[in-house]
Amino acid sequence: MSFRLKTILGIALIELTVMAILISINQFALGGSATTQLFDRTDTTARVFANTVAGSVIATDLATLDATIESAVSTADLTYIRARNAAGVVLSEGGDAEALARLFRADTSFETATADHVIDISVPITIAGTNFGALELGMSTLAVEEQVRKALNWNIIVAVLGMSLVAVFGYGLGTILTKQLRWLREGARRISSGDLETRVTDTGRDELAETARCFNQMAEALSVERAQLRHKQEELLQKKARVDVIVECMTGISRGENNVDIPDTEREDEIGDMARATVVFDESMRAVRQARLEQQRLISAFDQVAEQVAIFELDGKSLFLNAAFRSFNEKIIRKLPYRFTLEQFLKEGISQGAFPDVREDPDGWIAEQLNRRDSAPLEMKRNSDRILLTVQSFVEGIGVVLSAKDITDLRRSEGQLIQASKMATLGEMATGIAHELNQPLGVIRMASSNSLKRIAKGHEDIEFYRGKFERIEEQTERAAQIINHMRVFGRKADGEMAPFDLGESLRKTTGLARTQLHTMDISLTTDIPDDAALVVGEQVIFEQVLLNLFSNARDAIESQGTGSGEIHVSAAFDTPEGHVLRIKDTGGGVPDDLIHKLFEPFFTTKEPGKGTGLGLSISFGTIREMSGEISVSNAEAGACFTIRLPRYEAEIAKAS
């Protein structure tokens, strides 16, 4: 559609809209005024005529009533008149027979009257407030409707004439406006075909003339730019030839060729920069080849390491697995894709039973393993009979490095060492335990001896014998408890972590150690709540930790040479720090310059031959495996060892 046609149609549309609005307003004003006047006139006529015939209706003067109605309907506007008495009986009527035959229905507005072209109105015939009947009157609306129709026709004629004139003037205006646009269009076509020397007429001061001047300026600028582009094109072709030479050099370098001669390195333009970059590329490729050689050496070195090593890239997929890792996890890797993620490895391992400790919530355990970043070493049970010490670290730019060391033999050695330590402790406690057992044995011997003497004398005192037998039973139970606790303490640890009552374990261990310490004039006092406090760990190993601490405290007290001392054990359960145990002694404490070394392996403050330096180191590891911590400080007359253990999660869930 051309601009000229758009102009004509736009002006015509505006004119059509304006004329439609004017015609609507005119018709509304004319029709509304005429119909309202006719409706009011009909109502007034009906009321006047009702007053006129009121006397005839009251007197039932039908002759006068007929004459009056016949005279009234002779006018052109009235269609019919009907008079009814108070009972609704028609007294007289006249006018159009068809209108009189229709059922009378009063009209409320002019619009309802246009259905039959008659305004139907009913008014009461009243005198002094008394209703004597009703007058029904019909007024024709044809004359008013004809006036409205004629007015509409004239309005349409005027609108058509106006739009015709607008179309003529619009055509002329469009022709004038599109003349310069046509020049611009032709000029744009010539420029698009490559004729940048073309120009258009730019006379005048209107917007089109200004557009034409801008067009000419654009054509001039394009002509200048084309000349510059041609010059640049020639330069680029020359540079392309030099670039091809350098690209050939780069291709040779990428293929591993040596002593490639790179030209144009002295130029001070892009070609020179590219040539110098090629020199850098050559040096980088040599470095890459050297790095690959070093990488192969490093891979070979990792394959010789007995420790398992796996590297996972930033995208989570495996980058490198050394020979030890592949060999140990051969069954798992066989089921995985070539490049697998750590999550896939853990899920497949769980499905094959390679992680026997994972029984409940495997998804939570996998999420915990994936979130290990530069964490402390973690012991992990594998394949039901192996223990691995795993370390997971994040290396910037590489990803996650996972290493695992088989410490099964080390843990077995530690277990043997712990068992030997327990046996040694039992040996040290033998004297005190023998004394403790002699007491119930002596009571049993005396009670049985007295009973035998009574029997020999012929006395049959049943109550006396019952008392003696009850005492024998009590002392036997006491001896059995001592022996049973020694048997439990002496058993070998099974390596299984399980919940146990911390308070009960403390009371049993202190009871076992108190007798042996009492023989050395060392008192063991306790402040332990009666409430249950569940923790997770190996109860036998934990009790060995306590006995080691008691043994160290005993040695420290004996080294003071005072001949007596005190060890105090206190506990606080369900604190914000968890379950807290404190073991204090009066052994003089630990030198400040040595206190930070106390938990190091093979470090001891005892004389040569009296200590291995492994007791506190193993104790430190045991408490850490229980997710707790152990620390030492000097307090008052000796050392104070503090153990903090977390509450058992099942106990927490039950309490909540």
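Conventions we followed
- In this numbering scheme, every chain counts its residues from 1 along its sequence in written order.
- Per-residue local features are limited, in this predicted model, to residues with pLDDT of at least 70; the limit for side-chain atom pairs, both in listing and counting, is 80 or more; totals at the level of whole chains, interfaces and linings are taken over all residues.
- Note that the side-chain values use all heavy atoms of the structure and ignore hydrogens as well as water.
- Nonpolar core, defined: a set of buried Ala, Val, Leu, Ile, Met, Phe, Trp, Tyr and Cys residues in which side-chain atoms within 4.5 Å join the residues together.
- Any residue under 20% of the maximum accessible area for its type is buried, any over 50% is exposed, and the rest in between are partly exposed; the area is computed with a 1.4 Å probe on protein chains only.
- Strands here mean DSSP runs of E at least two residues long; helices mean DSSP runs of H or I at least four residues long; both are numbered from the N terminus.
- Contacts are assigned to residue pairs that have any heavy atoms within 4.5 Å of one another.
- Note on definitions: salt bridges are taken to be side-chain nitrogens of Lys or Arg within 4 Å of carboxyl oxygens of Asp or Glu.
- Like-charged residues are merged into a patch within 9 Å and nonpolar side chains (Val, Leu, Ile, Met, Phe, Trp, Tyr) within 5 Å, provided each residue has over 30% relative accessible area and no salt bridge.
- In this description, accessible areas are obtained by the Shrake-Rupley approach with a 1.4 Å probe, and a residue is regarded as covered only by the protein chains that are shown.
- When DSSP finds two or more bridges between a pair of strands, those strands are recorded as paired.
- The angle between two axes is taken between their N-to-C directions and runs from 0 to 180 degrees, where each axis is a line fitted to C-alpha atoms and a helix contributes only its stretch in contact.
- In this scheme, a helix's expected span is set at 1.5 Å multiplied by one less than its residue total.
- The directions considered for the arc are those from the helix axis to the C-beta atoms.
- Two aromatic rings, drawn from Phe, Tyr or Trp (for Trp, its six-membered ring), form a pair once their centres lie within 6.5 Å of each other, and the interplanar angle then sorts them: stacked below 30 degrees, edge-to-face above 60, tilted otherwise.
- In our convention, an over-ring charge means Lys NZ or Arg CZ found within 6 Å of a ring centre and within 35 degrees of that ring's normal.
- Put simply, a crossing is left-handed when the front helix is turned counterclockwise from the back one by less than a right angle, and right-handed when it is turned clockwise.
- We call Asp, Glu, Lys and Arg charged. Ala, Val, Leu, Ile, Met, Phe, Trp, Tyr, Cys and Pro are nonpolar, and the rest, Gly among them, are polar.

Visitor: Would you mind going over the nonpolar core with me for this structure?
Guide: One recurring pattern in soluble globular proteins: nonpolar side chains tend to sit buried together. Of all hydrophobic cores here, the largest spans 36 residues; its most connected members are Leu502, Phe542, Phe550, Ile567, Leu581, Phe641 and Leu645. Listing elements by their share of this core, those giving two or more residues are α15 (502-518), β11 (522-527), α16 (539-560), β13 (565-575), β14 (578-585), α17 (615-625), β15 (629-635) and β16 (638-645). Considering every element that reaches this core, the biggest residue donor is α16, with eight residues. Setting aside chain neighbours within four positions, we find leucine 581 in contact with Leu502, Leu506, Phe542, Ser570, Ala571, Phe573, Phe641, Thr642 and Ile643. With 26 residues, the next largest nonpolar core counts Leu65, Ala72, Ala83 and Ile121 among its residues.

Visitor: I keep staring at the pattern of salt bridges and nothing clicks. Help me out?
Guide: Note on pairing: side chains with opposite charge can pair once their charged atoms come close. Across all of its chains, the model carries 17 salt bridges by this definition. The closest approach of N and O atoms between glutamate 313 and arginine 339, which form a salt bridge, is 2.2 Å. Note that glutamate 313 is positioned in strand β5 (residues 308-313) and arginine 339 in the loop between α10 (330-334) and α11 (342-351), a separation of 26 residues in sequence. Members of the salt-bridge network, linked through shared partners, are Arg82, Arg84, Glu93 and Glu136.

Visitor: What is the right way to read a nonpolar patch on the surface from this model?
Guide: Residues Leu152, Ile156 and Val160 make up a contiguous nonpolar surface patch of about 230 Å² in total accessible area. By secondary structure assignment, the location of leucine 152 is in helix α6 (residues 142-192).

Visitor: Where do I start with the sheet that holds strand β2 (residues 90-95) in this structure?
Guide: Whenever strands of a sheet pair, they do so through backbone hydrogen bonds, lying parallel or antiparallel. In space, the four strands of this open sheet follow the order β2-β1-β4-β3, with antiparallel pairing throughout. Because the sheet does not close on itself, it has two edges, and the strands there are β2 and β3 (118-127). Neighbour to neighbour, the strand axes of the sheet diverge by 15° on average, direction disregarded. Across five bridges, the pairing between strand β1 (residues 78-85) and β2 is antiparallel. Pairing of arginine 84 across the sheet is with valine 90, part of β2. Across the sheet, helix α3 (residues 62-72) is in contact with β1 and β2; its angle to β2 comes to roughly 25°.

Visitor: Before we go on, may I ask you to explain α16 in this structure?
Guide: Taking 1.5 Å of rise per residue, 22 residues should cover 32 Å, and α16 covers 32 Å from first to last C-alpha, within 8% of that figure. Following α16 by one or two positions, glycine 561 has its phi on the positive side, about 75°.

Visitor: What is the right way to read the pairing of β15 from this model?
Guide: Sheet faces and side chains relate simply in a regular strand, where the side chains alternate between the two faces. In this sheet, β16 lies alongside β15 in antiparallel orientation, the contact comprising seven bridges. Considered in β16, the bridge of serine 633 is made with cysteine 640.

Visitor: Honestly, helix α12 (residues 362-370) in this entry has me stumped. Any pointers?
Guide: Residues spaced three or four apart along an α-helix face the same direction, because each turn holds 3.6 residues. Here α12 has its buried residues at Trp365, Ile366 and Gln369. Down the axis of α12, the sector holding all buried residues measures 100°, keeping them to one side. Residues Asp363 and Glu368 are exposed on α12 and point more than 90 degrees away from its buried face. Residues of α12 that are buried sit in contact with α11, β7 (378-382) and β8 (386-395).

Visitor: Could you clarify how one ought to interpret the packing of aromatic side chains in this entry?
Guide: Any two aromatic rings considered together are summarised by their centre-to-centre distance and by the angle between their planes. Across all of its chains, the model carries five aromatic pairs by this definition. Measuring from ring centre to ring centre gives 5.1 Å for phenylalanine 355 and tryptophan 365, while their planes differ by 50°; the resulting arrangement is tilted. One end of the pair, phenylalanine 355, is in the loop between α11 and α12; the other, tryptophan 365, is in helix α12, with ten residues separating them in the sequence. You'll find phenylalanine 355 and tryptophan 365 in the same group, each marked buried. Among the aromatic side chains, those forming a connected cluster through ring pairs are Phe312, Phe325, Phe340 and Phe345. The ring of phenylalanine 355 carries arginine 382 above its face, with NZ or CZ at 4.7 Å from the centroid.

Visitor: Could you clarify how one ought to interpret unusual backbone geometry in this entry?
Guide: Peptide bonds are trans in most cases, and residues, glycine excluded, mostly fall at negative phi. A positive phi angle is found at aspartate 264, which is not glycine, with a value near 65°. Residue placement: aspartate 264 occurs in the loop between α7 (207-254) and α8 (270-304). Judged by its relative accessible area of 11%, aspartate 264 is buried. Phi is positive for serine 627, close to 65°, though the residue is something other than glycine. Position of serine 627 relative to the elements: it lies in the loop between α17 and β15.

Visitor: Is there a simple way to think about the sheet that holds β11 in this case?
Guide: Taken in spatial order, the five strands line up as β11-β13-β14-β16-β15 in an open sheet, and their pairing is mixed. Of all the strands in the sheet, the pair left with one neighbour each is β11 and β15. Here the strands of the sheet are splayed against their neighbours by 15° on average, with no regard to which way each runs.

Visitor: Would you mind going over the packing of α11 against α12 with me for this structure?
Guide: The relative placement of two packed helices comes down to the angle between their axes together with the axis-to-axis distance. With their axes 10 Å apart at the nearest point, α11 and α12 run at an angle of 145° to one another. The crossing of α11 and α12 is right-handed. Residues Leu342, Glu343, Leu346, Lys347 and Ile350 of α11 touch α12, and the partners they reach there are Pro362, Trp365, Ile366, Gln369 and Leu370. The residue makeup of the contact of α11 with α12, split by class, is seven nonpolar, one polar and two charged.

In short, geometric facts, not functional conclusions.
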